[in-house]
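# Tertiary structure, described
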Amino acid sequence: IYTLSLHDALPIYNLLQIRTFPSKEFYDEALEDGPDVMDQTKRSWHKFRCFGPFSFFDIHEGKESQPSGSGSWVNVDEVEFVLAMYCKLVTGYPELKSSSRLAIISPYRYQVKLFRDKFRETFGVGSEKLVDINTVDGFQVIGFSFPSKP
């Protein structure tokens, strides 16, 4: 999501929407966009707020539960909502269905498993190539970085 500037050790985010919150909350609004970032990252589906480059949804009717024998949690309503949003997005923009330019980040390991199972049930065996699904920790391990407070 960002690269570090070696001069001041502040992250340079590649999207305004991703940069705004941590810049305001943790870095006294000192984070900056990289050069030409808006032109490089703008996509036609971003005109819809729900399909922005970085979207959060509050599924307040959903209930978290801890499956028996699991140390993790799951919210089935969130999984169903995200699957419906994905279907709507790729219906309008079919080029996204054959790429892995989308990611789903969940705080719960068991919920990641349910996401993967539901995508496999819905889209078939190769569904892992459609969207990256992982925990925050899982994305950090594979090279995505989230800033911590300095």
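Look up: the structure comes first, before these words.
Attention here is on the structure that accompanies the text.

What counts as what
- Residues numbered from 1 in each chain as written.
- Predicted model: local features only at pLDDT ≥ 70, side-chain atom pairs only at ≥ 80, totals over all residues.
- Heavy atoms only, no water.
- Salt bridge = Lys/Arg side-chain N within 4 Å of Asp/Glu carboxyl O.
- Helix = DSSP H or I, 4+ residues; strand = E, 2+ residues; numbered from the N terminus.
- Buried < 20%, exposed > 50% of the residue type's maximum accessible area, 1.4 Å probe, protein only.
- Pairing = 2+ DSSP bridges.
- Right-handed = clockwise from strand over helix to strand, strands pointing away.
- Expected span 1.5 Å × (residues − 1).
- Arc of directions from axis to C-beta.
- Contact = heavy atoms within 4.5 Å.

## Quick look at the pattern of salt bridges
Once the charged atoms of two side chains with opposite charge are near each other, the side chains can pair. Overall, the coordinates contain 3 salt bridges when judged by the stated rule. Among the salt bridges present, the one from lysine 113 reaches aspartate 117, with a minimum N-O distance of 2.8 Å. A residue pair is termed a helical-turn pair when its members lie 3 or 4 positions apart in one helix, as lysine 113 and aspartate 117 do in helix α4 (residues 109–123) at 4 residues. For arginine 120, the salt bridge is made with aspartate 117, and the minimal N-O distance between the two is 3.1 Å.

## Thoughts on the pairing of strand β4 (residues 103–106)
The alternating pattern of β4 places Ile104 and Ser106 on a buried face and Ala103 and Ile105 on a face that is not buried. Relative to strand β5 (residues 132–135), β4 is paired through 4 bridges, and the arrangement is parallel. Bridge pairing in β5 places alanine 103 opposite aspartate 132. Note that the unit made of β4, α4 and β5 has a crossover that is right-handed.

## With respect to α4
An α-helical turn contains 3.6 residues, so a residue and the one three or four places further along point in the same direction. With 15 residues, α4 extends 21 Å from end C-alpha to end C-alpha; this agrees with the ideal 21 Å at 1.5 Å per step. What α4 keeps buried is the set Gln111, Val112, Leu114, Phe115 and Phe119. Axial view of α4: buried residues confined to an arc of 160 degrees, hence all on one face. When the buried face of α4 is taken as reference, the exposed residues oriented beyond 90 degrees from it are Arg109 and Glu121. Contacts made by the buried residues of α4 are with α3 (76–92), β4 and β5.

By themselves, these figures tell us nothing about what the structure is for.
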